[in-house]
Amino acid sequence: MPRVVENIIRLSLALGCAAALSMAPAHSRELREVKDPHYGEVLFHFYQQNYFSALTTLMTAQHFERLPHHNDEAELLRGGMLLSYGLHRQAGEIFQALIDAGAAPAVRDRAWFYLAKIRHQRGYLAEAEEAMSRIQGRLPGDLEDERRVLHALMLQREGRHAEAVAALRQASLRSSWAAYGRYNLGVALIQAGDRDAGVTLLDELGRDRARGEEMAALRDKANVALAFAFLQSETPARAKPYLDRVRMNGLMSNKALLGLGWTHAALNQPERALVPWSELAQRATVDTAVQESLLAVPFAYGKLGAHKQSLAGYELALAAYSREIERLDQSIEAIRRGSLVENIIRNNPGDESGWFWRISRLPDTPESRYLAELLASHAFQEGMKNYRDLRFLADNIGRWTQQSAIYRDMLATRRQGYTERLPRVTAGEHALDIERLRAARTKYVEELERIEREEDAGALASDKEQALAARLERLRRGAGTLTDAEQRAQMQEKQRLLSGLLNWDLSAKYPERLWQAQKGMKEADSAFTEAEKHRFALDAARTDVPESFGAFENRIAGMDSRIRGLQTQVADISREQENYLAELAVDELTHRRENIVAYVTQARFAVAQIYDEAVRAKEKTQ
Amino acid sequence: MRETVSATLRYFFRCLSAIGIFTALATGAIAAEAPKAPAKDFQSLDTRIQTLKQDAMELNRDLLVLEEELLFPSSTQVAVFVSMDIGTLFDLDAVQVKLDNNIVSNYLYTDREVKALVRGGVQRLYLGNLKTGKHELVAVFTGKGPRWRDYRRGATLNFEKTTNPKYIELQIKDTESKQQPEFRVKEWQ
């Protein structure tokens with residue numbers, strides 16, 4: 001792309017871009033402390049300028065109520081992102097709701113400012129004015145100067161020059177907006193009739209040591225504007241010094257050369273006018289100033305009485321105009337064939353749609369040479385942004401179409417798996433026979449209660465102790481059958497002693513054993529409760545799972561229908577938008593063609609005049 | 001002479017006005033940079049596009065909700081986030097996450113993502129499902145540490161998964177006192 005085209009775009013976008021970029025840093029520090037991880041996730045997308053993802057992530061988090069610590073900030077951010085996404089109406093509703101809910105004045109003023117800016121850039125001028133009028137305090141940092149410049153632009157558009165001047169006079173000269181503010185103020189003063197003050201301001205800007213191409217281009221513009229103001233007021237001698245300051249290869253050089261020629265012409269110096277005009281006539285004929293110079297050169301020759309050169313100049317101009325008309329016709333045809341918009345999108349990729357996307361590269365096609373100014377205009381940029389957003393939506397919806405099909409398959413697989421597993425699980429449940437377990441548990445609980453009530457330590461005896469007790473009982477019975485009284489007495493005493501020892505042991509171990517038994521019972525109860533829970537869950541699942549499958553299937557079917565509806569709408573509106581953009585471009589080229597046709601008429605008229613004068617001169621001499 | 005000047009300039013401005021140059025020059029950047037009032041069909045189209053965008057966003061939200069409820073129900077859901085403060089002592093290249101010794105994520109970061117993290121963004125690195133019970137998470141961070149040296153550090157967390165969703169944050173912090181980066185794992189309640 002020619003450098004000059006880049007410059008045209010850069011200069012014309014300078015106001016808009018700088019304003020838009022100032023939006024993001026405003027969030028960076030104040031939102032650092034993240035108290036809900038999902039809010040941080042929104043910021044992660046936001047800081048990468050993936051506004052669509054950030055918005056949908058935020059809306060999803062709000063749906064699940066995952067932002068309890070960031071409710072207001074999230075809404076403010078959502079409003080800001082909707083602005084970024086071009087949805088100023090919805091953003092306005094959010095800001096209004098925040099204001100109604102008593103947002104802090106600083107937040108409220110900034111909200112209204114952004115709203116005013118977006119509305120203005122989208123051409124909703126009355127709404128922009130309304131939003132601007134709601135700002136009550138001073139905005140932070142450069143935003144205040146930006147606001148004043150924007151406000152002045154609005155006032156100027158309404159012809160309220162004096163008020164525009166007043167608004168701009170309050171802008172600080174330190175900010176990056178100062179240069180634009182000074183330029184606007186200078187022009188506003190001249191328009192309002194205070195020419196001297198306006199000239200002083202523009203003159204300061206015109207002498208400024210510009211930093212960078214953008215400021216140098218603005219300086220050239222100030223000088224050209226001053227020169228043309230003096231030409232308009234028929235004081236051409238004052239115009240010349242300003243035109244001399246303009247760079248020869250800058251964005252404004254063609255217009256400056258044209259003006260310089262007219263300055264000399266107005267000072268009745270046609271031979272000096274020929275110098276800049278001849279230089280200009282060598283340049284690319286796509287520029288309107290160059291086209292104008294093709295007429296100006298023979299005009300100057302005519303003034304000098306060099307009718308032969310003048311005639312030759314007009315004929316050259318006619319040939320050049322004819323070629324230009326042919327190229328314009330081809331370009332109009334190419335645009336109508338529908339390749340322009342696609343070419344621009346291909347040359348200007350970006351991650352996601354959003355406010356910061358701008359056309360920065362023109363496609364390398366014949367028609368592009370005419371469209372630099374159109375492509376740099378707000379209407380076309382906004383239209384392209386919308387078209388690009390629509391393309392993004394088409395891709396996004398396309399991806400969901402595939403996902404939706406996957407979910408349907410997945411759900412079908414899950415349903416099949418459930419149907420296959422259910423009989424096995426049911427059989428396992430039957431084998432477990434939970435009713436029998438419940439009856440056994442009741443019996444054990446009663447037995448334990450009895451043991452505790454009766455302090456039946458023997459009931460808690462170990463197997464070994466029970467065997468011992470049985471042996472002692474056999475011993476007791478055996479001792480009773482002994483015939484020898486002494487032997488019987490000895491045996492009975494021994495048995496009594498041993499039984500006493502056993503009972504002592506059992507009694508000593510009873511509390512711990514009872515506790516162990518009760519603990520075991522509790523554990524069993526817990527396992528039993530768990531088993532019951534599983535059984536209830538299983539019972540619930542038998543009803544709920546098929547219902548949930550059905551619910552998900554219905555939801556997916558509903559989504560499918562919405563997806564299809566949106567797909568159709570996106571396709572239809574994309575076509576309309578593409579046609580609209582093509583028509584804008586065609587209108588611009590048609591307008592240019594009409595101008596060239598007017599030049600052709602003038603050139604032919606001038607040629608006819610020269611011939612007439614030649615005939616008259618010949619008649620006189622005869 | 002005066003008449004000549006006037007006549008020449010009048011001719012000039014007639015020409016310029018005819019081709020629209022004068023308006024652009026005399027009113028300068030203001031007229032050129034201020035938006036032309038859009039045509040009615042633009043506003044009508046713009047309004048329809050705005051409605052469409054709003055519908056698309058709502059559809060996306062509903063689909064994301066559906067996707068999460070279908071694929072990652074809250075009773076089994078586990079999400080792993082990554083955050084970073086300051087970022088002067090550690091230049092993040094990649095993070096690997098293992099859950100119960102299975103690699104669930106290997107992520108390489110772009111500059112843009114790292115900048116978003118440093119500014120306060122939190123990345124959801126992994127979203128998956130886990131059964132209730134005890135689990136182990138191991139995260140390995142790779143990048144450049146102080147003095148631009150290769151740096152590789154791990155962090156481990158043993159945690160209990162209940163029937164509520166589990167959110168785990170891998171935090172990368174600069175510890176000024178030690179002049180070393182620090183890697184922590186935080187469980188969100």
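Please read all numbers here as calculations on a predicted model, not as lab measurements.

K.L.:
Could you clarify how one ought to interpret the packing of helix α4 (residues 51-63) of chain A against helix α5 (residues 71-84) of chain A in this entry?
P.N.:
Helix-helix packing: each pair is described by the crossing angle between the helix axes and the interaxial distance. Residue and element names in this part refer to chain A. Between α4 and α5, whose axes approach to 10 Å, the crossing angle comes to 150°. Our pair here, α4 against α5, has a crossing hand that is left-handed. From α4, Tyr51, Ala54, Leu55, Leu58, Met59 and Gln62 reach across to α5, where they touch Ala74, Glu75, Arg78, Met81, Leu82 and Ser84. Here the contact of α4 with α5 is built from residues that sort into eight nonpolar, two polar and two charged.

K.L.:
What exactly am I supposed to notice about the sheet that holds strand β2 (residues 91-99) of chain B here?
P.N.:
The strands making up a sheet associate through backbone hydrogen bonding, with each pair oriented either parallel or antiparallel. Residues and elements named next belong to chain B. The sheet built from four strands is open, its strands ordered β3-β2-β5-β6 with antiparallel pairing. Among the strands making up the open sheet, the edge pair consists of β3 (102-108) and β6 (150-161). Neighbour-to-neighbour, the strand axes of this sheet turn through a mean angle of 15°, independent of strand direction. In terms of strand pairing, β2 meets β3 through six bridges, oriented antiparallel. The residue of β3 that forms the bridge with Gln96 is Asn106.

K.L.:
It is not clear to me how the sheet that holds strand β4 (residues 123-129) of chain B should be interpreted in this structure. Could you clarify?
P.N.:
Taken together, four strands build an open sheet; the order of strands is β4-β1-β7-β8 (chain B) and the sheet is mixed. Every other strand in the sheet has two partners, leaving β4 and β8 (180-188) of chain B as the edge strands with one partner each. Taking the axes of each pair of neighbouring strands and ignoring which way they run, one obtains an average angle of 15° across the sheet. Pairing of strand β1 (residues 77-84) of chain B with β4 of chain B involves six bridges; the strand directions are antiparallel. Its bridge partner lying in β4 of chain B, Phe81 of chain B is registered against Arg124 of chain B. The strands touched by helix α3 (residues 37-47) of chain A are β1, β4, β7 (166-175) and β8 of chain B; relative to β1 of chain B, the strand with the most contacts, the crossing angle is about 60°. Strands in contact with helix α5 (residues 111-118) of chain B are β1 and β4 of chain B; relative to β1 of chain B, the strand with the most contacts, it is inclined by about 85°.

K.L.:
Just to check I follow, could you spell out the confidence of the model for chain A for this structure?
P.N.:
Low pLDDT marks stretches whose predicted atomic positions should not be read closely. Looking at chain A, the pLDDT average stands at 83 and 90% of residues meet or exceed 70. Counting contacts from residues 1-31 of chain A, a segment whose pLDDT is below 50, to residues more than four positions away or on other chains yields 72 contacts.

K.L.:
Before we go on, may I ask you to explain the packing of aromatic side chains in this structure?
P.N.:
Each aromatic ring pair is described using two quantities: the centre-to-centre distance and the angle formed by the ring planes. Residues and elements named next belong to chain B. Taken as a whole, this structure holds 14 aromatic pairs over all chains when the rule is applied. Seen from their ring centres, Tyr107 and Tyr109 are 4.8 Å apart, and the 65° between their planes marks the pair as edge-to-face. On the basis of relative accessibility, which here comes to 27%, the residue Tyr107 falls in the partly exposed class. Tyr109 gets classed as buried once you look at its relative accessible area, which sits at 10%. Taken together, the aromatic side chains of Phe90, Phe141, Tyr151 and Phe183 make up a single cluster linked through ring pairs. Arg153 extends its terminal NZ or CZ atom over the ring of Tyr151, reaching a point 4.2 Å from the ring centre. Just above the ring of Trp188 sits the side chain of Lys186; from NZ or CZ to the centre is 3.9 Å.

K.L.:
Honestly, the side chain of His264 of chain A in this entry has me stumped. Any pointers?
P.N.:
Along the chain, His264 of chain A turns up in helix α15 (residues 253-266). Once you skip the residues sitting within four places of it in the chain, His264 of chain A turns out to touch Lys240, Gln269, Pro270, Arg272 and Ala273 of chain A.

Cut-off values and rules
Residues numbered from 1 in each chain as written. Chains lettered and ligands numbered in written order. Predicted model: local features only at pLDDT ≥ 70, side-chain atom pairs only at ≥ 80, totals over all residues. Heavy atoms only, no water. Axes fitted to C-alpha atoms, helices over the stretch in contact; angles between N-to-C directions. Helix = DSSP H or I, 4+ residues; strand = E, 2+ residues; numbered from the N terminus. Left-handed = near helix turned anticlockwise from the far one by under 90°. Contact = heavy atoms within 4.5 Å. Nonpolar A, V, L, I, M, F, W, Y, C, P; charged D, E, K, R; others polar. Pairing = 2+ DSSP bridges. pLDDT = per-residue confidence, 0-100. Phe/Tyr/Trp six-rings, centres within 6.5 Å; stacked < 30°, edge-to-face > 60°. Buried < 20%, exposed > 50% of the residue type's maximum accessible area, 1.4 Å probe, protein only. Lys NZ or Arg CZ within 6 Å of the ring centre and 35° of its normal.

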